Every structure is written in structure tokens, then in C-alpha cells.
Amino acid sequence: MLFGRLGVQSCKLGNNYKFLSQKVFYRSARKMAKITEESCNKMFKGFQKVFSHESSELKCTMKFGVFIPSEAEDKKVPVLYWLSGLTCTEQNFVTKAGAQRVAAEKGLIIVAPDTSPRNVNIEGEDESYDFGSGAGFYVDATEEKWKTNYRMYSYVTKELPEIINSNFNTIPDKMSIFGHSMGGHGALICAMKNPGKYQSVSAFAPISNPVKAPWGIKAFGGYLGSDQSKWLEYDATELAKKYNGPPLNILVDQGSADNFYIQGQLLPDNLVAGCAANNVPIVLRIQDGYDHSYFFIATFVEEHINHHAKYLCQ
Ligand SMILES: N[C@@H](CCC(=O)N[C@@H](CSC=O)C(=O)NCC(=O)O)C(=O)O
């Protein structure tokens, strides 16, 4: 069944979002996912919005931020997905990274989802900052307690792109992905596990080899169980060693004064070695004196968006 709506892109708080631009859109009713606008702010001629929706993968209400450049009013544009780190919601990137000006200049939609299911009534879900709420690690859990809701890998690689492509003026096969720390690793594994799906990938201070880092060992043990051979399927360093597909166009920035780097949580050299073993090109830049925070991200976010624009906007 087809239907069409005429609308002007604008802020439409509290309503289901159906109007995308001044053009008439015809969409399959089956594909139109219902999303609700929670906030809307005009920025650099575009709009920074937050939407909520019912996630079929995660079986809870989820939120995502989306920056919509003015170009999307009358033409289809590429999409860059951002995955945040431990303790983050959809708000951290939206309010701290300062990405909107560059996204507006390049004509890119940027989507920033929350980092885990929320309020799903699993005993212990809110007990620690590095496991459960705010710490989904972008894996599909297999452990009984977590497996119904904690499916962040399927959420960010399948459900979310379907929602974005059915509600916004996108070029569906022009997408790239980047992220920070837990989310930097999430971006790397999404790209490595889906050759050709993403045109490029970049990361700020990714947890590069989680099977060898305390954060990763805790999360993978909890979500995937004690059989460590299963963990390797979600480890970027291990995936790099067997990647077989089109160029990944990987850029990684790491601050030299990042405490988590110094403590051995991030291990970017292992990722570089994994890539080298399989002739996968990677650029790792050690940025002198920068820490793990969004101050570091804000400093280099323009360079990361320019990196992705090279592959998305040609
Ligand atoms: N509370 C923790 C550290 C939490 C932290 O630093 N989170 C980072 C991501 S870390 C890896 O995924 C983050 O992005 N925080 C949000 C922010 O806005 O800075 C501790 O104290 O150790």
C-alpha cells in the first residue's frame, strides 16, 4: 500500500513524525516505522532532533539523536552513524561533540542512538557503569538473562538503519559509522562484520581488543557467557585478522594522556597489529596530551566527518 504526504521540514514536538520535506514522499506503509519527536532545535540551517520509538530488537522504548542538514529538504543525503561510549545516552554526542556545523556543511545526516536498552527490569541492570544500562557494548547477548533485550548489534546494524531510511530523506546505501571508546569498538565491529555496508569507519579511543581488556572481559563474559571463542566474533582486533571485503577506510585517533589508554583498556596497537597481519589499511594517530573526554572528540570531530565525507559525498 502506498501513501503520500506533503510537509515542510520543521519542529513538530509531541507528534508522530511523518513530514520530511517540501517534497511529496510515497512510502510503503509496511516500512514506515513510527517514531515520536521528543525535541527539535534549529542549528546551522538544519535541525537537531531527538526521537523515541518502540524497538522490536530491544523490546523497549529507545531514543536517538538525528541531525538533519538543510540539503535533506529536497534531496537524498548520506547517513553517518555515531556510537557512544559507556555511561552515555543519545545526548552526549548531540550536546558535547560539536559535530553539527560540519555535518551541515557536508550535507550529512548524523544519527546517534542510546547505548543500551533502558528500564527492561533485568535484575542488576543499573548496578554498574560498565555493564547493563549504558553499556550494551554493541553485541547481541546470548546469556539467558540478557538475550531478550541486549541486542545492540542487531539494533544499530539493522533496525535503526531501517527506521532512519524509512523516515528521513536518505541514500540508503551511503552510510558510514564512527564512535567513541565502547562505541568506537562498536563502529569497528559493525563495519568489519558487514563488508560493504559502511563506506568508511572511524573511532576515537576505541576499546580495540576487548577480549584482552578488563571492560571487555566483564561485558563479554556477562553478555556472551564463559566460552571465550564466542567473544572473538565481536572483537575488532580478531575480526581485522580475518576481514575479507572492500576497503574499510579506518581512521583511529587516540589521546596520549587518556587514562584508559594508559591503564590498558584500549590497546590500539593490538588493532594495528591485527590489521597489519591481514593487510587491512588503518591510520592510527596518537594525539599528544589529549584525554578520553568529549573535549578530545570535539577537537578532532571535524577531521573524522571530513574523512567520512570523502567516501559518502562523491
Ligand atoms: N564513569 C567512569 C567512566 C565513564 C566514561 O568515561 N565514559 C566515557 C566513555 S568510556 C568508554 O566507553 C564517556 O563518553 N562518558 C560520557 C561523557 O560525556 O564524557 C569512570 O569514572 O571510570
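Structure: see above.
Overview of the structure.

So, how was this worked out
Residues numbered from 1 in each chain as written. Predicted model: local features only at pLDDT ≥ 70, side-chain atom pairs only at ≥ 80, totals over all residues. Heavy atoms only, no water. Helix = DSSP H or I, 4+ residues; strand = E, 2+ residues; numbered from the N terminus. Rg over C-alpha atoms; globule rule 2.2 N^0.38 Å. Buried < 20%, exposed > 50% of the residue type's maximum accessible area, 1.4 Å probe, protein only. Contact = heavy atoms within 4.5 Å. Lys, Arg positive; Asp, Glu negative; His and termini not counted. Charge placed at Lys NZ, Arg CZ, Asp CG, Glu CD. Bend = angle between axes of the 7 residues up to and from the residue. Near = heavy atom within 4 Å. Polar contact = N/O pair within 3.5 Å; in protein donor to acceptor, adjacent residues only side chain to side chain. Nonpolar A, V, L, I, M, F, W, Y, C, P; charged D, E, K, R; others polar. Pairing = 2+ DSSP bridges. Axes fitted to C-alpha atoms, helices over the stretch in contact; angles between N-to-C directions. Salt bridge = Lys/Arg side-chain N within 4 Å of Asp/Glu carboxyl O. Phe/Tyr/Trp six-rings, centres within 6.5 Å; stacked < 30°, edge-to-face > 60°. Lys NZ or Arg CZ within 6 Å of the ring centre and 35° of its normal. Arc of directions from axis to C-beta.

If you tally the helices and strands in the protein chain, you get 10 helices and 11 strands. Radius of gyration (C-alpha) of the protein chain: 19 Å, near the 20 Å computed for a compact globule of 314 residues. C-alpha extents for the protein chain along the principal axes are approximately 55 × 40 × 35 Å. With 314 residues in all, the protein chain has 57% of them scored as buried. Restricting to contacts in the protein chain with at least 6 residues of sequence separation, those with at least 24 account for 71%. Between the averaged position of the 33 positive side-chain charges in the protein chain and that of its 32 negative side-chain charges there is a distance of 9 Å.

What follows covers helix H3 (residues 152-167). Considering bend angle alone, the principal kink of H3 is centred on leucine 160 and spans about 35 degrees; proline proline 161 follows within four residues of it. Summarising burial for H3: 14 of the 16 residues are buried, a large majority.

Around the ligand, the surrounding shell holds 14 residues, and the nearest of these are Leu86, Asn92, Lys96, Ser181 and Met182. Contacts to the ligand include methionine 182, whose backbone N or O atom sits 3.0 Å from an oxygen atom. Considering only residue class, the shell around the ligand consists of seven nonpolar, six polar and one charged.

Let us look at the side chain of histidine 185. Here histidine 185 lies in helix H4 (residues 182-193). The class for histidine 185 is buried, based on a relative accessible area of 0%. Once residues within four sequence positions are removed from consideration, histidine 185 is found in contact with Pro206, Ile207, Ser208, Pro210, Phe220, Tyr234, Asp235 and Ala236.

Taken in spatial order, the nine strands line up as S3-S4-S5-S7-S6-S8-S9-S10-S11 in an open sheet, and their pairing is mixed. Edge positions in the open sheet fall to strand S3 (36-43) and strand S11 (282-287), since each of these has one partner strand only. Adjacent strand axes in the sheet meet at a mean angle of 20 degrees when their direction is disregarded. Here four bridges tie strand S9 (residues 201-204) to strand S10 (residues 250-255), and the two strands are oriented parallel to one another. In the sheet register, phenylalanine 204 faces S10, and the bridge partner there is aspartate 253. Together, S10 and S11 form the strand contacts of helix H9 (residues 268-277), whose direction differs from that of S11 by roughly 160 degrees. This element, helix H10 (residues 294-312), spans strand S6 (77-83), strand S7 (109-113), strand S8 (170-180), S9, S10 and S11 of the sheet and lies at about 150 degrees to S8.

Right, let's talk about the pattern of salt bridges for a bit. Under the criterion given, the structure shown has 13 salt bridges. Across the pair lysine 145 and glutamate 123 runs a salt bridge, and its minimum N-O distance is 3.7 Å. Here the residue lysine 145 occupies a position in the loop between S7 and H3, and glutamate 123 occupies one in the loop between S7 and H3, the gap between them amounting to 22 residues. Glutamate 303 is the partner of arginine 285 in a salt bridge, and the nearest nitrogen-oxygen pair spans 2.7 Å.

Our next topic: the packing of aromatic side chains. With the rule as written, the count across this model stands at 20 aromatic pairs. Between tryptophan 215 and phenylalanine 260 the ring centres are 4.5 Å apart and the planes differ by 50 degrees, which places this aromatic pair in the tilted class. Here the residue tryptophan 215 occupies a position in helix H5 (residues 214-224), and phenylalanine 260 occupies one in helix H8 (residues 259-262), the gap between them amounting to 45 residues. Three or more aromatic residues link up through ring pairs in this structure, and these residues are Trp82, Phe93, Phe178, Phe204, Tyr290, Tyr294, Phe296 and Phe300. Between the NZ or CZ atom of lysine 193 and the centre of the ring of tyrosine 153, over which it lies, the distance is 5.3 Å.

Another point: the side chain of glutamate 57. Along the polypeptide, glutamate 57 turns up in the loop between strand S4 (46-55) and strand S5 (60-68). Apart from the residues lying within four places of it in its own chain, the contact partners of glutamate 57 are Thr148, Asn149, Arg151, Ser154, Tyr155 and Glu159.

Turning our eyes to something else, we now look at H5. What H5 keeps buried is the set Trp215, Gly216, Ala219, Phe220, Tyr223 and Leu224. Angularly, the buried residues of H5 cover 105 degrees about the axis, an arc narrow enough to put them on a single face. Turning to H5, the residues buried within the fold contact H4, helix H6 (228-231) and H8. Immediately downstream of H5, the backbone of glycine 225 shows phi near 95 degrees, a positive value.

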